[in-house]
Amino acid sequence: MAQLHTWCGLLAAWLLFAVFLTGTLSYFKESISLWMQPELPSVAANAEWDNRRLADYWQHYLAEHASTARNWQITFPDERMSVSTAVWFGEDGSEQLVLDPTTLTLVTPRETRGGDFFYRFHFQLHHLPAVYGRWIIGIATMMMFVAVISGVITHKKILRDFFAFRPQKGARSWLDAHNACSVLTLPFQLMITYTGLITLMSLYMPWGLERAFPDADARRQAISELHAFPLSGPATGQPAALHALSELVGDAESHWQKPVQSLRVSHPGDAGARVAVWQSALEALSAHRPQRIYEASSGALLAEIQSQRIDEQAHGVMVGLHAGRYANWGMRWIYFSLGAAGCGMVATGLLLWTSKRKYKKGSELGMWCVERLNIATLAGMPIAVLAFLASNRLLPVALSGRAQWEIHFFFVAWLLALLHAVLRRSASQAWREQLTLTVILLLCLPMLNLLAPSYSVLGDLAAGNWQRVSVDLMCLVGALIIVWQMKRAAKKTLSRVPPTQVAS
Amino acid sequence: MLPNASIPHYWMLLLRIMAATLGGYIVAALFSVAALSLPLDIMMSLRIGMMGSFIIWAGVATWSFITPSLIRLWGAIGLATCSLLLVANYGIH
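Here the structure is a predicted model, which is why all the values come from computation and not from measurement.

Undergrad: So what exactly am I meant to see when it comes to the environment of A:Trp414 here?
TA: Residue and element names in this part refer to chain A. One can find Trp414 in helix α16 (residues 402–423). Taking the C-alpha atoms as reference, Trp414 lies 14 Å from Leu21; in sequence the two are 393 residues apart. The residues contacting Trp414, other than those within four sequence positions of it, are Ala18, Phe121, Ala376, Thr377, Gly380, Met381 and Ala384.

This is the structure:
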């Protein structure tokens, strides 16, 4: 059982650390996107806008500029995202526009994937077809699930061990730190692993669906019902005028007594057009949010979709718990800390593996591989994230293919970290250098932000807009934590050098 | 954990790994199909099958490394596969 925990954990750990890190950052993906797009207005605490006016604006704009698109997708601002966006799929691919809701003017922010890059990466990686990425992460998640379960079984003295922290004792201390990270947050780690599998279950376990709905069209319908995401329906080919979207938004908002989050017009200008309106995700635990579907030509309500049965709600709540879109700021920070503890659990687990085997006989090659991969992941991954953020400030704003260049920075930085970890003769030297680089990057990022033309840090602070400033502040906090840990580690190695060696 | 742990029984370990991965997935997948026979709404049975299957898989994977007897392990996986296949093919719904 202990071996299952060790090997299952070890083999999946490097990928899991990357998933945990980017997943944890995704809880603030809107804030990271705002930080990466200084051109966007901050979310002012007292900002007011009218979703009906926004819908009206988009309807006029899109009817003029995107009348041939298959779909219009409109999102409304909320307390996390200060702007309204419209996305449509025209003849030459996907296009997006951003609207400032208070002034009703279009803004053109710099091109970037923003926090969405981390969000996508954490469940489907990058540079791989999405399905492969999702399967790879699914397998790692399943290994994590097994590692957590076997970890609990291994840990018979779970309570006694929890209160025994033995610092400065090498492998013992890593074990205690590993236990503290995992035991304290165990319910969260179990929840996040299991619900992660649930979010993509129709990919991982499609057999029930295929058996119950052998017909492909019926299956598509069932999948749409399973995930509470309505299909667009077919176009008729008959032209028809579009009902005022502002009225539909107003109808939905007065019915729910809650703001709408987004709407989708499928086949605009066609008689078969439908408008689907989604309720705001805030303070609704279930990810399957209530929707109202209207006939676009007449504005008649066709369907009201709301999870009712216990299985629908259980499913929606599991996905909702994973994504945490319901969470207010306080809850979001709790999610962030628990996710960080998850990173800590994986990281200390890896360090425990090496420190336990360091002075024992065993496969030198295995030890070498694990140690170097540890460096390239535990230090290299944060370096890659920071390189991605730094490139956002360093690359020229007007550079074409800018979003892709930022992603190149991410992967090249990661690759260089791996090369450095492999080529450096001494592992502890490699550790020290990469962690130092991480600290330098963490300190430089807020500086860069002050120097490069970006949002006004002082202005945001004065107005009490914490979203972007928090990104800078978290960099400084991260730098402090790493410096503190490096100091401790340095003291420990110094005191552990045998006296004879010092004499010679 | 393994019988005669002092001798490296790589093939025995391999059989356990196979049971945990392949065996676990087959039993879990068949469970998700067999659940369709539950006398419930089709979407409800579907969700129960899909959401339960990961717990079944994790259970089989963990148990593959607990049980001392490989014969019992593969016997149980075979038995579960056969009975789930029966339910999946001749279930009520």
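Undergrad: Just checking my understanding: could you explain the side chain of A:Thr195 for this structure?
TA: Position of A:Thr195 relative to the elements: it lies in helix α8 (residues 186–199). In this view, A:Thr195 contacts A:Met318 and A:His322; residues no more than four positions away in its chain are not counted.

Undergrad: I keep staring at helix α11 (residues 216–226) of chain A and nothing clicks. Help me out?
TA: Each α-helix winds once per 3.6 residues, and so residues spaced three or four apart point in a common direction. Within α11(A) the residues assigned to the buried category are A:Ala222, A:Ser224 and A:Leu226. Check the buried side of α11(A) and you find it contacts α9 (201–204), α10 (207–212) and α13 (310–323) of chain A together with α2 (42–64) of chain B. Backbone geometry just after α11(A) places A:Ala228 at a positive phi near 50 degrees.

Undergrad: Explanation requested: the domain arrangement of chain A in the structure shown.
TA: For interface size, the figure often reported is the accessible area lost on association. All names here are of chain A. Taken domain by domain, chain A consists of domain 1 (1–36 + 112–227 + 309–357), domain 2 (51–107 + 229–306) and domain 3 (361–493). Between domain 1 and domain 3, the C-alpha centre-to-centre distance is 22 Å. Facing 31 residues of domain 1, the contacting portion of domain 3 comprises 33 residues. Buried surface at the junction of domain 1 and domain 3, both sides included, amounts to about 3000 Å², of which 76% is carbon and sulfur. Of all residues in domain 1, Trp14, Trp35 and Met36 give up the largest surface area on contact with domain 3, accounting jointly for 27% of the area buried on that side. Linking domain 1 with domain 3 are 0 salt bridges. Across the domain 1-domain 3 interface, the total number found is 7 residue pairs in polar contact (both at pLDDT 80 or more). Elements supplying a minimum of two residues to the side of domain 1 that touches domain 3: α1 (2–26), α2 (29–36), α4 (115–124) and α14 (329–357). The biggest single contributor to the side of domain 1 that touches domain 3 is α14, with 9 residues. For the side of domain 1 that touches domain 3, the class distribution of residues is 20 nonpolar, 8 polar and 3 charged.

Undergrad: Would you mind showing me how to read the interface of chain A and chain B here?
TA: With 33 residues of chain A in contact, the opposing surface of chain B contributes 27 residues. Carbon and sulfur atoms supply 78% of the area buried between chain A and chain B, which totals about 2700 Å² over both sides. When the buried surface of chain A facing chain B is broken down by residue, A:Met142, A:Met205 and A:Arg211 rank first, second and third, together holding 23% of it. Where chain A meets chain B, there are 2 salt bridges. A salt bridge links A:Asp311 to B:Arg47; its shortest N-O distance comes to 2.9 Å. For the pair chain A and chain B, the number of links is 8 residue pairs in polar contact (both at pLDDT 80 or more).

Undergrad: Would you mind showing me how to read the confidence of the model for chain B here?
TA: Low-pLDDT stretches of the model should not have their predicted coordinates read in fine detail. All names here are of chain B. Across chain B, the average pLDDT comes to 89, with 89% of residues at or above 70. Within the model, pLDDT remains below 50 along residues 1–7, and this stretch shows 10 contacts once partners closer than five positions in the same chain are excluded. In the model output, the complex is listed with pTM 0.91 alongside ipTM 0.91.

Undergrad: So what exactly am I meant to see when it comes to the nonpolar core here?
TA: It is characteristic of soluble globular proteins that their nonpolar side chains tend to be buried jointly. Counting residues in each nonpolar core, the largest one holds 73 residues, and the members touching the most others are A:Phe17, A:Phe118, A:Met381, A:Phe388, A:Phe410 and A:Leu445. In terms of residue count, helix α15 (residues 364–394) of chain A provides more of this core than any other element does, 15 residues in total. Shared between two domains, this core takes at least three residues from each, and those domains are domain 1 (1–36 + 112–227 + 309–357) and domain 3 (361–493) of chain A. In contact with A:Met381, not counting residues within four places along its chain, are A:Phe17, A:Ala18, A:Leu21, A:Thr22, A:Phe121, A:Ala376, A:Phe410 and A:Trp414. One finds A:Met142, A:Tyr194, A:Leu197 and B:Trp57 within the second-largest nonpolar core, a separate group that totals 33 residues.

Parameters at a glance
Residues numbered from 1 in each chain as written. Chains lettered and ligands numbered in written order. Predicted model: local features only at pLDDT ≥ 70, side-chain atom pairs only at ≥ 80, totals over all residues. Heavy atoms only, no water. Helix = DSSP H or I, 4+ residues; strand = E, 2+ residues; numbered from the N terminus. Contact = heavy atoms within 4.5 Å. Buried < 20%, exposed > 50% of the residue type's maximum accessible area, 1.4 Å probe, protein only. Domains from an automatic or database assignment. Buried area = accessible area lost by both parts, 1.4 Å probe. Salt bridge = Lys/Arg side-chain N within 4 Å of Asp/Glu carboxyl O. Polar contact = N/O pair within 3.5 Å; in protein donor to acceptor, adjacent residues only side chain to side chain. Nonpolar A, V, L, I, M, F, W, Y, C, P; charged D, E, K, R; others polar. pLDDT = per-residue confidence, 0-100. Core = buried A, V, L, I, M, F, W, Y, C linked by side-chain atoms within 4.5 Å.

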